[in-house]
Amino acid sequence: MAILEILTIPDPRLKTVAKEVAEVTDHTRKILDDLLETMLEEGGVGLAATQANIHERMFVMDVSTGKNEPIHFINPRIIETFGELEMEEGCLSIPGIYAKVTRPQKLTVHYLDYHGKPAEMTVEGYAAKCIHHEIDHLNGVVFLDHLSPLKRKMLEPKLKKLAKHKA
Ligand code: NI
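About the criteria used
- Residues numbered from 1 in each chain as written.
- Predicted model: local features only at pLDDT ≥ 70, side-chain atom pairs only at ≥ 80, totals over all residues.
- Heavy atoms only, no water.
- Donors = N, O, S within 2.8 Å, 3.2 Å for Na, K, Ca; no water.
- Helix = DSSP H or I, 4+ residues; strand = E, 2+ residues; numbered from the N terminus.
- Buried < 20%, exposed > 50% of the residue type's maximum accessible area, 1.4 Å probe, protein only.
- Pairing = 2+ DSSP bridges.
- Axes fitted to C-alpha atoms, helices over the stretch in contact; angles between N-to-C directions.
- Contact = heavy atoms within 4.5 Å.
- Expected span 1.5 Å × (residues − 1).
- Core = buried A, V, L, I, M, F, W, Y, C linked by side-chain atoms within 4.5 Å.

Engineer: Talk me through the coordination of the nickel ion; I want residue IDs and the actual numbers.
Structural biologist: Donor atoms from the polypeptide that coordinate the nickel ion comprise Cys91 (SG), His133 (NE2) and His137 (NE2), at 2.0 to 2.3 Å from the metal. Coordination of the nickel ion draws on donor residues from a single chain, spaced C-x41-H-x3-H in sequence. Of this pair, Cys91 sits in the loop between strand S4 (85-89) and strand S5 (99-103) while His137 sits in helix H2 (residues 126-138), and the two are 46 residues apart along the sequence. The exposure classification of Cys91 matches that of His137, with both residues buried.

Engineer: If you had to explain the sheet that holds strand S3 (residues 71-82) to someone new, which residues and values would you point to?
Structural biologist: Strand order in this open sheet of five strands is S1-S2-S3-S6-S7, and the pairing throughout is antiparallel. If you trace the sheet from one side to the other, it starts and ends with strand S1 (46-48) and strand S7 (118-124), each paired once. Along the sheet, successive strands turn relative to each other by an average axial angle of 40°, direction set aside. As judged from the three bridges shared by S1 and strand S2 (residues 58-61), these two strands associate in the antiparallel manner. Bridging across to S2, Gly46 finds its partner in Met61. In the packing of helix H1 (residues 26-42) onto the sheet, contacts are made with S1, S2 and S3, and the angle to S2 comes to roughly 40°. Along the sheet, H2 contacts S1, S2, S3, strand S6 (106-112) and S7; its crossing angle with S2, the most-contacted strand, is approximately 150°.

Engineer: Go over H2 with me, naming the residues and quoting the values.
Structural biologist: For H2, built from 13 residues, the straight-helix expectation of 18 Å at 1.5 Å per residue is met to within 8% by its first-to-last C-alpha distance of 19 Å. The buried fraction of H2 amounts to 12 of the 13 residues, a majority that puts the element mostly inside the structure. Of the residues making up H2, those classed as buried are Ala127, Ala128, Lys129, Cys130, Ile131, His132, His133, Glu134, Ile135, Asp136, His137 and Leu138. Immediately beyond the C-terminal end of H2, within one or two residues, lies Gly140, with a positive phi of roughly 80°.

Engineer: Requested: an account of the nonpolar core, with residues and values cited.
Structural biologist: One finds Phe59, Met61, Phe73, Val109, Met121, Val123 and Ile131 to be the most contacted residues of the largest nonpolar core, which totals 17 residues. Mapped by element, the contributors of at least two residues to this core are S2, S6, S7 and H2. Among the elements that make up this core, the one with the highest residue count is H2 (six residues). Here Val109 is in contact with Phe73, Pro76, Arg77, Ile78, Ala119, Glu120, Met121, Ile131 and Ile135, once residues within four sequence places are set aside.

Here you go:
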């Protein structure tokens, strides 16, 4: 496994819409393994391939307290959502910035698992928020895109600092 470099805003590559994985192979699993190792190393709960400049539709997530229950999602597709929940979130691609974002309270997602087998799960609360956030990444969307213009403006000084730090 390897630690991958994580893109941070305002990197335009984060706006890339990822392509479907045509076939789940050892190459796919290698990417998932690397994503998981990178996510754990960085202390995240989810990491999408887009964030590692790999534009294929997959992400990893581990919302367990012991960080020992990773779930791998390939070609994830949300088929149903229920309710709304506003919760504070952060992102490894937007280090040090947190904001409240409204997402579905509960959702059902279809995906292919680590072995390429079709799977489905219904989750709520934090896990639902996380899955929704990661699928956003695969569509080139970051949580800042969900904020009102006013909220975004309030974060402007921090965002400028982040961009400067990177340059
Ligand atoms: Ni993120």
